[in-house]
Amino acid sequence: KYNLKLRESISFKVDKSKKTIENFILENINIFLPKSFLENFQKIKNIANSNIFPKNPKFIFTSYLHAFDENFKTYAAFKTRDKKPYYVSQHGNNCFTRIHNNHSREFYYTDKFFSWGYKDNHKIDKLFNFKTLKKLKNNKQGNFLIVFDFIRNIPDTLYLTPNSIMENILRSKKFIKNLDPKIQSKIILRLNSDFFAKVYGIKYFELFNDLNVKIDKGGTNMENLIEESRIVLFTYDSTNFLENYVHDIPSIIFCNPNYLNSIDKKFYPRYLDLQRNKVMFTNVEEISNHINLIWNDPKKWWVSKETKQCLENFNKDLNTKPYKGCFDDLISKLKY
């Protein structure tokens, strides 16, 4: 629990006449420090050193725990001090395409970072998209699945304003209302579970009440929803978009008009190409018209020469399909 007395004991002398970022941090660091560094630090160390993790691993390999699990991070820190090899793999989209991720720490402190296809001069090793080993097939006469992002404070542009989440949802709602009624009757809205948190549910969820469409509250397996859909639309630059390319499932991105401002300049032309080929949209009317046009046979658009070439260019050296011998390559890279 937050220990106010402990935090008040942490203080630094600050010259308040100098309004610098350093002084601001020093003056407030007792508030800024995470509980994992103060109140819970000893407890986390004890868990990390308990039998919950292997005592003498040959190596450590993770795709997720390095991001969210304080117990694992502390365990990994202890083992890397003991010279145990430590590997991290890509776990989602935007890992290399967004400006925000250009300086992700895991690219530098690991012995190797395994990507789904990207390679550069750091410790990044090119492999394949791990999440697509299981094959999926969609229903050509199925539903129209619309997948919404998490309600979060991580911006999908260069910055985040309090109204941006609401604005994005209202834009999606407007586009849905512009669709042909026969398409609206096939819509499933997939909302992530945090739409239903105490605050978010009140603020955002009720915006969909008047649409008269089916809403999945996160209880159905995403793979099952995709397999029962003819088109999948993501209201953000989703990891599932990369997966659906591998599975050859018609998919579209509908994102914030300012989203491209957050794309690294190396990949900016690829995103512009997605827009030119009507795979990615920022305009409400344009995406509504496109869905109405391709609804009866979305596969025809998806496999057209222009769209196919655009998708191949976008995924090249970024999202590699599993191939014969891909596990052998992974095993060889894990040798130490």
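Report follows, based on the coordinates. Keep in mind the model is a prediction, meaning the values are calculated, not measured.

### Details of the sheet that holds strand β9 (residues 251–254)
Two strands in a sheet stick together by hydrogen bonds in their backbones, pointing the same way (parallel) or opposite ways (antiparallel). The sheet built from six strands is open, its strands ordered β7-β6-β5-β8-β9-β10 with parallel pairing. The open sheet is flanked by β7 (214–216) and β10 (280–281), the only strands paired with a single partner. With four bridges joining them, strand β5 (residues 143–147) and strand β6 (residues 187–190) adopt parallel strand pairing. Note that in β6 the partner of Leu 145 across the bridge is Ile 188. Each of β5, β8 (229–234), β9 and β10 touches helix α13 (residues 284–294); the most contacted strand, β9, lies at about 165 degrees to it.

### Section: the sheet that holds strand β1 (residues 60–62)
As summarised here, the arrangement of the four strands in space is β1-β2-β3-β4, forming an open sheet in which the pairing is parallel. Strand pairing shows two members of the sheet lacking a second neighbour, β1 and β4 (124–126), which therefore form its edges. If you compare each strand with its neighbour and ignore which way they point, the axes differ by 25 degrees on average. Note: β1 against strand β2 (residues 86–89), three bridges, orientation parallel. By the bridge assignment, Thr 62 is partnered in β2 with Val 88. Docked against the sheet, helix α16 (residues 326–334) engages β1, β2, β3 (112–115) and β4, running at close to 170 degrees with respect to β3.

### Overview of the side chain of Ser 63
Inspection of the secondary structure puts Ser 63 in the loop between β1 and α4 (65–68). Residue classification places Ser 63 among the buried residues on the basis of a relative accessible area of 15%. Only 2.2 Å separates the side chain of Ser 63 from the side chain of Ser 89, close enough to count as a polar contact.

### Regarding the nonpolar core
Of all hydrophobic cores here, the largest spans 85 residues; its most connected members are Phe 96, Phe 144, Ile 146, Phe 175, Leu 189 and Tyr 271. In contact with Leu 189, not counting residues within four places along its chain, are Ile 146, Phe 148, Ile 176, Phe 208, Leu 211, Val 213, Lys 214, Ile 215 and Asp 216.

### So, the packing of helix α7 (residues 164–177) against α13
Each pair of packed helices gets described by two things: the angle between the helix axes and the distance between those axes. Relative orientation of the contacting elements α7 and α13 amounts to 40 degrees, with a least axis distance of 9 Å. Viewed along their axes, α7 and α13 adopt a mutual orientation that is oblique. Classified by chirality, the crossing of α13 by α7 is right-handed. Here Arg 171, Lys 174 and Phe 175 of α7 come into contact with α13, specifically with Val 284, Glu 285, Ile 287, Ser 288 and Ile 291.

### A look at the side chain of Asn 138
Within the fold, Asn 138 resides in the loop between β4 and β5. Since its relative accessible area comes to 18%, Asn 138 is described here as buried. Looking at Asn 138, its side chain comes within polar contact range of the main-chain oxygen of Ser 229, at 3.2 Å. Reaching out from Asn 138, the side chain makes a polar contact with the backbone oxygen of Arg 230 at a distance of 3.4 Å. Asn 138 has contacts with Ile 226, Glu 227, Ser 229, Arg 230, Ile 249 and Pro 250, leaving out every residue within four places of it along the chain.

### A closer look at the packing of aromatic side chains
The tally for this structure, following the rule as stated, stands at 25 aromatic pairs. Between the aromatic rings of Tyr 118 and Phe 267, the centroid separation amounts to 5.9 Å while the plane-to-plane angle is 55 degrees, which identifies the pairing as tilted. Taken together, the residues Tyr 118 in the loop between β3 and β4 and Phe 267 in the loop between β9 and α12 (268–276) connect sequence positions 149 residues apart. As far as the burial class goes, Tyr 118 and Phe 267 line up, both buried. Both rings, one in Phe 128 and one in Phe 130, keep their centres 4.9 Å apart while their planes meet at 75 degrees; by these two values the pair is edge-to-face. Overall, Phe 128 belongs to the buried group, its relative accessible area being 1%. Looking at Phe 130, the relative accessible area reads 19%, which means it is buried.

How each quantity is defined
- Residues numbered from 1 in each chain as written.
- Predicted model: local features only at pLDDT ≥ 70, side-chain atom pairs only at ≥ 80, totals over all residues.
- Heavy atoms only, no water.
- Pairing = 2+ DSSP bridges.
- Helix = DSSP H or I, 4+ residues; strand = E, 2+ residues; numbered from the N terminus.
- Contact = heavy atoms within 4.5 Å.
- Axes fitted to C-alpha atoms, helices over the stretch in contact; angles between N-to-C directions.
- Buried < 20%, exposed > 50% of the residue type's maximum accessible area, 1.4 Å probe, protein only.
- Polar contact = N/O pair within 3.5 Å; in protein donor to acceptor, adjacent residues only side chain to side chain.
- Core = buried A, V, L, I, M, F, W, Y, C linked by side-chain atoms within 4.5 Å.
- Parallel < 35°, antiparallel > 145°, perpendicular 65-115°, else oblique.
- Left-handed = near helix turned anticlockwise from the far one by under 90°.
- Phe/Tyr/Trp six-rings, centres within 6.5 Å; stacked < 30°, edge-to-face > 60°.

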